[in-house]
Amino acid sequence: MTGLVARLRSLAQRLANAAQALLLAAVLITIADIALRSVSLSGVPGTVDLMQLAVMGAALLAIPAAFLTGEHVAIDLFTKSLPVRAQQALRLMALALGIAALALIAWYGAQQAWREHTAGDQTQTLGFPFGIYWLPLLAGMAFSSLACLALFGETLVRLVRGEPDPPAEAAPADPVA
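What you see is a predicted model, and the numbers here were worked out from it, not measured in a lab.

### Digging into the side chain of arginine 158
Move 1: Relative to the helices and strands, arginine 158 is located in helix α4 (residues 135–161).
Move 2: Of the residues examined, arginine 158 reaches a relative accessible area of 11% and is grouped as buried.

Okay, structure coming up:
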């Protein structure tokens with residue numbers, strides 16, 4: 001299971017890098033729009049459409065990396081004093097709830113995406129089909145579900161074997177700093 005988690009972490013890191021690129025694109029579009037509006041009567045056509053898609057994509061594609069690296073918000077004030085096996089059992093319950101919630105979001109999101117697609121509605125400015133706005137949600141939730149499922153399996157194996165959790169991985173150094 002550890003090999004699967006490692007491969008998922010690698011893919012999640014690539015998705016997080018793509019999310020960063022989407023945020024950079026959103027910033028550049030905003031700067032170009034402001035610059036154009038300062039020298040003319042119009043800005044970048046479809047700025048709102050492009051911004052919404054970029055920000056949604058960035059947020060939702062970065063979520064799996066947070067799960068797989070343990071960088072999500074966790075409140076361990078009470079659980080850190082529990083025995084390791086109790087902590088692992090609680091983590092399994094949390095992961096099971098996470099899998100269920102993420103899978104339900106993906107399922108209902110897919111249904112809504114299909115309704116949007118079949119209705120043929122489009123954005124007013126660029127004519128994007130509304131269905132594409134659901135693609136980042138579907139990809140992010142589906143991959144997050146898979147990530148939590150792999151972590152569930154890994155934690156379950158450690159619990160059954162009586163093995164402690166591995167030490168938290170240090171975050172990679174920031175190349176900009």
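Following the structure, the description resumes.
### Overview of a nonpolar patch on the surface
Move 1: On the surface, a nonpolar cluster with roughly 370 Å² of combined accessible area is contributed by Leu24, Val27, Leu28 and Ile31.
Move 2: Of note, isoleucine 31 is situated in helix α1 (residues 2–39).

### Some points on the side chain of aspartate 33
Move 1: Inspection of the secondary structure puts aspartate 33 in helix α1.
Move 2: Since its relative accessible area comes to 10%, aspartate 33 is described here as buried.
Move 3: Setting aside residues no more than four positions away along its own chain, aspartate 33 makes contact with Gly43, Val44 and Thr47.

### Looking at the packing of aromatic side chains
Move 1: For the coordinates displayed, the defined rule picks out 1 aromatic pair.
Move 2: Residues phenylalanine 130 and tyrosine 133 carry aromatic rings whose centres are separated by 6.3 Å and whose planes lie at 50° to one another, so their mutual orientation is tilted.
Move 3: Residue class for tyrosine 133 comes out buried when judged on its relative accessible area of 7%.

### Re the packing of helix α3 (residues 84–119) against α4
Move 1: In the contact formed by α3 and α4, the axes pass within 8 Å of each other and the chain directions differ by 160°. Here α4 runs roughly antiparallel to α3, going by the angle between their axes. The element α3 and its partner α4 pack so that their crossing is left-handed.

### Some details on the environment of threonine 47
Move 1: Considering the arrangement of structural elements, one finds threonine 47 in helix α2 (residues 47–69).
Move 2: Along the backbone, threonine 47 and phenylalanine 130 are 83 residues apart, and their C-alpha atoms lie at a distance of 15 Å.
Move 3: In this structure threonine 47 touches Ile29 and Asp33, once residues within four positions along its chain are discounted.

### Remarks on the layout of surface pockets
Move 1: There is about 1000 Å³ of room inside the largest pocket.
Move 2: Counting residues per element, the ones that place at least two in the lining of the largest pocket are α1, α2, α3 and α4.
Move 3: With 6 residues, α3 is the single largest residue contributor to the lining of the largest pocket.
Move 4: Within the lining of the largest pocket, the residues separate by chemical class into 13 nonpolar, 8 polar and 9 charged.

### Let's talk about the nonpolar core
Move 1: If you look at the biggest cluster of nonpolar residues, it comprises 20 residues, and the most contacted ones within it are Leu68 and Met141.
Move 2: Put simply, the parts of the chain that give this core at least two residues each are α1, α2, α3 and α4.
Move 3: Top element by residues in this core is α4. It accounts for 8 residues.
Move 4: Beyond its immediate stretch of four places on either side in the chain, methionine 141 contacts Leu60, Ile63, Leu102, Ile105 and Ala106.

### Observations concerning the pattern of salt bridges
Two side chains that carry opposite charge are able to pair once their charged atoms sit near each other.
Move 1: Considering all chains together, one arrives at 3 salt bridges under this definition.
Move 2: Notably, a salt bridge pairs aspartate 33 with arginine 37, separated by 3.0 Å at the nearest N-O pair. Linking aspartate 33 with arginine 37, this pair stays in helix α1, spanning 4 residues, or about one helical turn.
Move 3: The salt bridge partner of glutamate 163 is arginine 161, with a shortest N-O separation of 3.7 Å.
Move 4: With relative accessibility at 32%, the residue glutamate 163 sits in the partly exposed group.
Move 5: By relative accessible area, which is 59% here, arginine 161 ends up exposed.

So, how was this worked out
- Residues numbered from 1 in each chain as written.
- Predicted model: local features only at pLDDT ≥ 70, side-chain atom pairs only at ≥ 80, totals over all residues.
- Heavy atoms only, no water.
- Helix = DSSP H or I, 4+ residues; strand = E, 2+ residues; numbered from the N terminus.
- Buried < 20%, exposed > 50% of the residue type's maximum accessible area, 1.4 Å probe, protein only.
- Patch = residues over 30% accessible without salt bridge, like charges linked within 9 Å, V, L, I, M, F, W, Y side chains within 5 Å.
- Areas by Shrake-Rupley, 256 points an atom, 1.4 Å probe, with all protein chains shown as cover.
- Salt bridge = Lys/Arg side-chain N within 4 Å of Asp/Glu carboxyl O.
- Contact = heavy atoms within 4.5 Å.
- Phe/Tyr/Trp six-rings, centres within 6.5 Å; stacked < 30°, edge-to-face > 60°.
- Axes fitted to C-alpha atoms, helices over the stretch in contact; angles between N-to-C directions.
- Parallel < 35°, antiparallel > 145°, perpendicular 65-115°, else oblique.
- Left-handed = near helix turned anticlockwise from the far one by under 90°.
- 1 Å grid on protein atoms, 1.4 Å probe; cavity = no way out; pocket = protein on both sides within 12 Å on 5 of 7 lines; lining within 4 Å.
- Points joined across faces, edges and corners; volume = space filled by probe spheres on them.
- Nonpolar A, V, L, I, M, F, W, Y, C, P; charged D, E, K, R; others polar.
- Core = buried A, V, L, I, M, F, W, Y, C linked by side-chain atoms within 4.5 Å.

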